[in-house]
Amino acid sequence: QALGAELEAQQLEVIRSICNVAMDPNHETEEQTAEALTDAVRDMRPMLDENFVAYLKYAIAEEEGRLARAGLVDDPEHNRWLFVLKIIQEGVYAELGVGVQRYIDHISYVLRMDTKKERKELLSKLIDVMPSMDVRPFVKVVDNIAASLGQGRKGEFDTAVLGGMTNKVLQLRRDVHELLPPERIKVMSKDADEWAARQRQK
């Protein structure tokens, strides 16, 4: 229970930091505020993990439920916090979407190579220069894509869409885990992990 309270406090601190940017009186226009919020969310990306996304969903659902029970969902005097949470959620999803698209682009470049050797060599080069904050999300995206093939064998996913890419995708997952074993992921993610830890301690 204490751990849960601590985690919630950490997520609220991230939200507070984003709110501080939004309320900065130095922003004279909505465009300046929107640009500052985009930059803030981008800078905080190492902290925008699955736990934070899940907490945002939970917080929004709880606030909507509280307002609904009181009949105040559409009352601007009472729904400001819900409005803030939804704006933050939209910004976070947008930033995470940019990251995912970048990983998809990397994957597409690799899969276009003709031979297994060429695909692995390009993947290795991409990983060698990958920013610290991108390492774990990249691995997760590759795992999710490969996992969808397994669902396809159960009839839950149309593998025909992937066609001849199936073996290439499975090879990609094998190569990613060979090139990025847990110990290397830890080393390469160190800067992002340490930055996130410092932010949570503030």
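Data block above holds the structure.
Bear in mind that the values here come from a model prediction, so they are computed numbers and not experimental data.

> I tried to follow the overall build of the chain on my own but got confused; where do I start?
For the chain, the count of helices and strands is nine helices and zero strands. Listed by position from the N terminus, the elements making up the chain come as α-α-α-α-α-α-α-α-α. Buried positions account for 34% of the 202 residues belonging to the chain.

> So what exactly am I meant to see when it comes to the packing of helix α5 (residues 116-128) against helix α7 (residues 165-179) here?
Two measures define how a pair of helices packs: the angle their axes make with one another and the distance between the axes. Between α5 and α7, whose axes approach to 10 Å, the crossing angle comes to 45 degrees. Put simply, α5 runs oblique to α7. Like other packed secondary-structure pairs, α5 and α7 cross with a definite hand, here right-handed. Of the residues in α7, those in contact with K116, R119, K120, L123, S124 and I127 of α5 are K168, Q171, L172, D175, V176, E178 and L179. Grouping the constituent residues of the contact of α5 with α7 by class yields five nonpolar, two polar and six charged.

> I'm lost on helix α4 (residues 80-112) in this one. Help?
Helical geometry note: an α-helix holds 3.6 residues per turn, so side chains three or four residues apart project in the same direction. Between its first and last C-alpha atoms α4 spans 48 Å; for 33 residues at 1.5 Å apiece the expected length is 48 Å, and the two agree. Of all the residues in α4, the buried ones are L82, L85, I88, Q89, V92, E95, G99, Y103, I107, V110 and L111.

> Just checking my understanding: could you explain the packing of aromatic side chains for this structure?
Aromatic ring pairs are reported here in terms of the distance separating the ring centres and the angle at which the planes meet. Within the structure shown, the criterion is met by two aromatic pairs. Here Y55 and Y58 contribute two aromatic rings whose centre-to-centre distance is 6.0 Å and whose plane-to-plane angle is 45 degrees, an arrangement assigned as tilted. Linking Y55 with Y58, this pair stays in helix α3 (residues 50-70), spanning three residues, or about one helical turn. We classify Y55 as buried; its relative accessible area is 12%. Note on Y58: relative accessible area 44%, which makes it partly exposed. When the centroid spacing of 6.2 Å and the interplanar angle of 75 degrees are considered together, the rings of Y103 and F138 count as edge-to-face. Within this pair, whereas Y103 is found in helix α4, its partner F138 is found in helix α6 (residues 135-153), the two being separated by 35 residues in sequence. Like Y103, the residue F138 is buried in the burial classification.

> Before we go on, may I ask you to explain the nonpolar core in this structure?
Within soluble globular proteins, side chains that are nonpolar generally end up buried alongside one another. Formed by 23 residues in total, the largest nonpolar core has its most connected members in I107, L123, I127, F138, L172, V176 and L180. Those elements that place two or more of their residues in this core are α4, α5, α6, α7 and α8 (182-188). The leading source of residues in this core is α6, at seven residues. I127 has contacts with L179, L180, R184 and M188, leaving out every residue within four places of it along the chain.

> Can you help me understand the side chain of E95 in this one?
With respect to the element layout, E95 can be found in helix α4. When its relative accessible area of 8% is taken as the criterion, E95 is described as buried. Excluding its chain neighbours within four sequence positions, the residues that come into contact with E95 are V41, R42 and R45.

> Teacher, can you tell me more about the pattern of salt bridges here?
Close approach of charged atoms lets side chains of opposite charge pair. Counted under the stated rule, the structure contains 15 salt bridges. Measuring nitrogen to oxygen at the nearest pair gives 3.1 Å for the salt bridge that ties R42 to D39. Residue R42 and its partner D39 are both found in helix α2 (residues 30-43); the two are separated by three residues, about one turn of the helix. On the basis of relative accessible area, R42 is assigned to the partly exposed category, the value being 39%. Across the salt bridge formed by R66 and E63, the nearest N and O atoms sit 2.7 Å from each other.

> Please explain the side chain of S132 as it appears in this structure.
With respect to the helices and strands, the residue S132 is situated in the loop between α5 and α6. According to the relative accessible area criterion, S132 is buried, its value standing at 18%. For S132, the side chain forms a polar contact with the main-chain oxygen of M188, separated by 2.8 Å. From its side chain, S132 meets the backbone oxygen of S189 in a polar contact 3.4 Å long. Leave out the neighbours within four places in its chain, and S132 touches M188, S189, K190, D191 and A192.

Reading the values: the criteria
Residues numbered from 1 in each chain as written. Predicted model: local features only at pLDDT ≥ 70, side-chain atom pairs only at ≥ 80, totals over all residues. Heavy atoms only, no water. Helix = DSSP H or I, 4+ residues; strand = E, 2+ residues; numbered from the N terminus. Buried < 20%, exposed > 50% of the residue type's maximum accessible area, 1.4 Å probe, protein only. Axes fitted to C-alpha atoms, helices over the stretch in contact; angles between N-to-C directions. Parallel < 35°, antiparallel > 145°, perpendicular 65-115°, else oblique. Left-handed = near helix turned anticlockwise from the far one by under 90°. Contact = heavy atoms within 4.5 Å. Nonpolar A, V, L, I, M, F, W, Y, C, P; charged D, E, K, R; others polar. Expected span 1.5 Å × (residues − 1). Phe/Tyr/Trp six-rings, centres within 6.5 Å; stacked < 30°, edge-to-face > 60°. Core = buried A, V, L, I, M, F, W, Y, C linked by side-chain atoms within 4.5 Å. Salt bridge = Lys/Arg side-chain N within 4 Å of Asp/Glu carboxyl O. Polar contact = N/O pair within 3.5 Å; in protein donor to acceptor, adjacent residues only side chain to side chain.

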